[in-house]
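Fold and contact review
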Amino acid sequence: MQDLGIDIPDQFEFMGQQWQIRPGTSRELGEDLGQCSYDERTVYLNPAYPTQTIVQALFHEIVHCWEMTLNMHLTEDQVDNLATSMIHWIKANPEFIAVLITEQELDQ
Ligand SMILES: [Zn+2]
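Report on the accompanying structure. For clarity, every value in this text was computed on a predicted model and none was experimentally measured.

A count of helical and extended segments in the protein chain gives four helices and four strands. Across the protein chain, helices and strands are ordered from the amino to the carboxyl terminus as β-β-α-β-β-α-α-α. The C-alpha atoms of the protein chain give 14 Å as radius of gyration, which agrees with the globular expectation for 108 residues (13 Å, within 12%). With the C-alpha coordinates of the protein chain rotated into their principal frame, the extents come out at 45 × 30 × 25 Å. Here the protein chain holds 108 residues, and the buried ones make up 20% of them.

This next bit is on the nonpolar core. Here is a general trend for soluble globular proteins: nonpolar side chains tend to be buried in one another's company. The biggest cluster of nonpolar side chains holds 15 residues, and the ones touching the most others in it are V43, L45, I54, L58, I62 and C65. Contributions of two or more residues to this core are made by β2 (17–23), β4 (42–45), α2 (51–69) and α3 (76–92). With six residues, α2 is the largest single contributor of residues to this core. The contact partners of L45, leaving out residues within four places of it in the chain, are L4, I21, P23, G24, G34, I54, A57 and L58.

This part covers the sheet that holds strand β1 (residues 11–14). Reading across the sheet, the four strands line up as β1-β2-β4-β3 and stay open at both edges, with mixed pairing between neighbours. Every interior strand has two partners, whereas the edge strands, β1 and β3 (34–37), have only one. Adjacent strand axes in the sheet meet at a mean angle of 20°, parallel and antiparallel pairs treated alike. Sheet contacts for α2: β1, β2, β3 and β4; angle to β3, the most-contacted strand, approximately 20°.

What follows concerns unusual backbone geometry. Across residues other than glycine, the phi torsion is negative in most instances, and most of the peptide bonds are trans. Positive phi, close to 50°, is recorded for M15, a residue that is not glycine. Relative to the helices and strands, M15 resides in the loop between β1 and β2. What makes M15 exposed here is the crowd of 8 C-beta atoms within 10 Å. In this model, N71 sits at a positive phi of 50°, which is unusual for a non-glycine residue.

In this section: the pairing of β3. Here β3 shows a clear split, with G34 and C36 buried on one side and none of Q35 and S37 buried on the other. Pairing between β3 and β4: four bridges, direction antiparallel. Bridged to S37 within β4 is T42. The loop that links β3 with its antiparallel partner β4 comprises four residues; one of these, R41, has a positive phi angle of about 50°.

Looking down a regular strand, the side chains alternate between one sheet face and the other. Where β1 lies against β2, four bridges are found, and the strand directions are antiparallel. Directly across from F14, in β2, lies its bridge partner Q17.

The next thing to look at is the environment of T84. Position of T84 relative to the elements: it lies in helix α3. Given 14 C-beta atoms within 10 Å, T84 falls into the partly exposed group.

About the criteria used
Residues numbered from 1 in each chain as written. Predicted model: local features only at pLDDT ≥ 70, side-chain atom pairs only at ≥ 80, totals over all residues. Helix = DSSP H or I, 4+ residues; strand = E, 2+ residues; numbered from the N terminus. Rg over C-alpha atoms; globule rule 2.2 N^0.38 Å. Buried ≥ 20, exposed ≤ 12 C-beta atoms within 10 Å, placed from the backbone. Core = buried A, V, L, I, M, F, W, Y, C linked by C-beta atoms within 7 Å. Contact = placed C-beta atoms within 7 Å. Pairing = 2+ DSSP bridges. Axes fitted to C-alpha atoms, helices over the stretch in contact; angles between N-to-C directions.

Okay, structure coming up:
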């Protein structure tokens, strides 16, 4: 997704549902960093912010996708803490992602 100044995939799959990721307009987002629309299965990100902020917003909105899909009713603070934890975990422990990918390959 070049509009955001960073190469973010423009879609993802969660629990059998296809989601879109796209830049939001200032009319859609105002000052918000991002938005997660369950009805539209779309994550909007605000391109007006620096790359690091957009990445944080991306994972924040992905956690919203999880909690909305699973009816978890998390608070904004809980969503934000989970997003920060996920980013930290993946960066610090990429070998755990490899475990899941290997497991998936073994299943096929
Ligand atoms: Zn939020």
